[in-house]
Amino acid sequence: MYDVIKALFLPPANLVLVMLVGLLLRRRAKQVGTTITVAAAVSLYLLSTSFFATRLVHDLETEIAGLPGAVPGAVAGDPQAIVVLSAGYSYTGLDKEQINDDAKTLERLRKGAQLHRKTGLPILVTGGGVAEVPVPLGTLMARTLRTDFGIDPKWVETQSTTTYENAEFSARILRNHAISTVYLVSQAWHLPRATAAFQAAGLSAIPAPSSTSRLAPADIRTFIPSAKALQASYHFFHEWLGLVWYRWALFGRD
């Protein structure tokens, strides 16, 4: 039920619903209904263009610099560990019999491995699972680090199912080892919310983006709708709503 409700509040589902409402309103208030329908359709088009979507995501990524603990000079002490956040699953084989880390998780693991080789700091991987998958993401991430990167993570957290729980459960582990400052690895668009969650859990986190966005130039190609651009817009609104909620629920209502 939670996933259904969340989807209905995010594009494209929310805009499709608005268009349907507009079409229904046309029966009683033609001008109002038409205005609502056209506005939703135009919004859906804009969110589906890379020109517009990359600017949304780029603006979100600039949030990293403004969060407490995001700048190395603003945290207490040097990082003592590397935390790699999970994303999701992928499946291979004709019968989808093999479960692996998805592309976003692999990207994060690669960045974590690079940081580990550069700094020598221990790695914590964090991620639980879903009911239909028997293997927690943290377990898969640890396996990938060992087999594909030749690195043995020091800690494996396998109970969390949200970014907030990633932070809360990781903090419990790290505090037992007197660790208060970490490198936090994820995509740049995810790091503002993730950094806020780790701050709320009592850890200072230095964002370590596994990838960042690049602004699309203004030409005809970037105004052609694409599923990739719409996904980027989805990430923006998902993270933006999450940040609003974190700041209201975790840091007070001021």
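Here we summarise the structure given alongside this text.

Cut-offs and rules
Residues numbered from 1 in each chain as written. Predicted model: local features only at pLDDT ≥ 70, side-chain atom pairs only at ≥ 80, totals over all residues. Heavy atoms only, no water. Helix = DSSP H or I, 4+ residues; strand = E, 2+ residues; numbered from the N terminus. Polar contact = N/O pair within 3.5 Å; in protein donor to acceptor, adjacent residues only side chain to side chain. Contact = heavy atoms within 4.5 Å. Axes fitted to C-alpha atoms, helices over the stretch in contact; angles between N-to-C directions. Parallel < 35°, antiparallel > 145°, perpendicular 65-115°, else oblique. Left-handed = near helix turned anticlockwise from the far one by under 90°. Nonpolar A, V, L, I, M, F, W, Y, C, P; charged D, E, K, R; others polar. Core = buried A, V, L, I, M, F, W, Y, C linked by side-chain atoms within 4.5 Å. Buried < 20%, exposed > 50% of the residue type's maximum accessible area, 1.4 Å probe, protein only. 1 Å grid on protein atoms, 1.4 Å probe; cavity = no way out; pocket = protein on both sides within 12 Å on 5 of 7 lines; lining within 4 Å. Points joined across faces, edges and corners; volume = space filled by probe spheres on them. Pairing = 2+ DSSP bridges. Patch = residues over 30% accessible without salt bridge, like charges linked within 9 Å, V, L, I, M, F, W, Y side chains within 5 Å. Areas by Shrake-Rupley, 256 points an atom, 1.4 Å probe, with all protein chains shown as cover. Salt bridge = Lys/Arg side-chain N within 4 Å of Asp/Glu carboxyl O.

### Re the side chain of Thr163
Along the chain, Thr163 falls in helix α8 (residues 163–175). A distance of 2.9 Å separates polar atoms of two side chains, one belonging to Thr163 and the other to His190. In this structure Thr163 touches His190, Arg193, Ala194, Ala197 and Tyr246, once residues within four positions along its chain are discounted.

### Describing the packing of helix α4 (residues 50–61) against helix α10 (residues 227–249)
The interhelical angle for the contact between α4 and α10, taken along N-to-C directions, is 30°, at an axis separation of 8 Å. Taken together, α4 and α10 sit at an angle that is classed as roughly parallel. Of the two possible hands of crossing, α4 and α10 adopt the one that is left-handed. Residue-level contacts link Ser50, Ala53, Leu56, Val57 and Leu60 of α4 to Ala229, Ala232, Ser233, Phe236, Phe237, Glu239 and Leu243 of α10. Taken together, the residues of the contact of α4 with α10 break down into nine nonpolar, two polar and one charged.

### Looking at the nonpolar core
In terms of nonpolar packing, the biggest core is built from 37 residues, with Val83, Leu174, Val182, Leu184 and Phe198 touching the most fellow members. Elements that contribute at least two residues to this core include exactly α2 (13–25), α3 (30–47), α4, β1 (81–85), α8, β6 (181–186), α9 (191–200) and α10. Ranked by residues supplied to this core, first place goes to α10 with six residues. Setting aside anything within four residues of it in sequence, one finds Leu174 in contact with Ala81, Val83, Leu124, Trp155, Ile179, Val182 and Leu203. Residues Val125, Met141, Ile151 and Ala208 belong to the second largest nonpolar core, which totals 15 residues.

### Considerations on the layout of surface pockets
One number sums up the size of the second largest pocket: a volume of about 510 Å³. Taken together, 19 residues make up the lining of the second largest pocket; nearest its centre are Val57, Trp189, Ser213, Lys228 and Ala232. The set of elements that each furnish at least two residues to the lining of the second largest pocket consists of α4, α6 (103–119) and α10. Residue composition of the lining of the second largest pocket, by class: six nonpolar, eight polar and five charged.

### Focus: the sheet that holds strand β4 (residues 123–126)
Across the sheet, which stays open at both edges, the five strands sit in the order β5-β4-β1-β6-β7 with parallel pairing between neighbours. Each end of this open sheet is capped by a strand with a single partner; those strands are β5 (155–157) and β7 (204–209). Pairs of neighbouring strands in the sheet enclose a mean axial angle of 25°, with direction left out of account. Pairing between β1 and β6: four bridges, direction parallel. If you follow Ala81 over to β6, its bridge partner there is Val182. The sheet contacts of α6 involve β1, β4, β6 and β7, and relative to β1 the element is tilted by about 175°.

### A look at a nonpolar patch on the surface
Judged by side-chain polarity, Val4, Ile5, Leu8, Phe9, Val16, Leu17, Leu20, Leu23, Trp240, Leu241 and Val244 come together as a nonpolar surface patch covering roughly 990 Å² of accessible area. Put simply, the parts of the chain that give the nonpolar patch at least two residues each are α1 (2–8), α2 and α10. Per-element accounting of the nonpolar patch gives the leading share, four residues, to α2. Structurally, Leu8 can be placed in helix α1. Note on Leu8: relative accessible area 40%, which makes it partly exposed.

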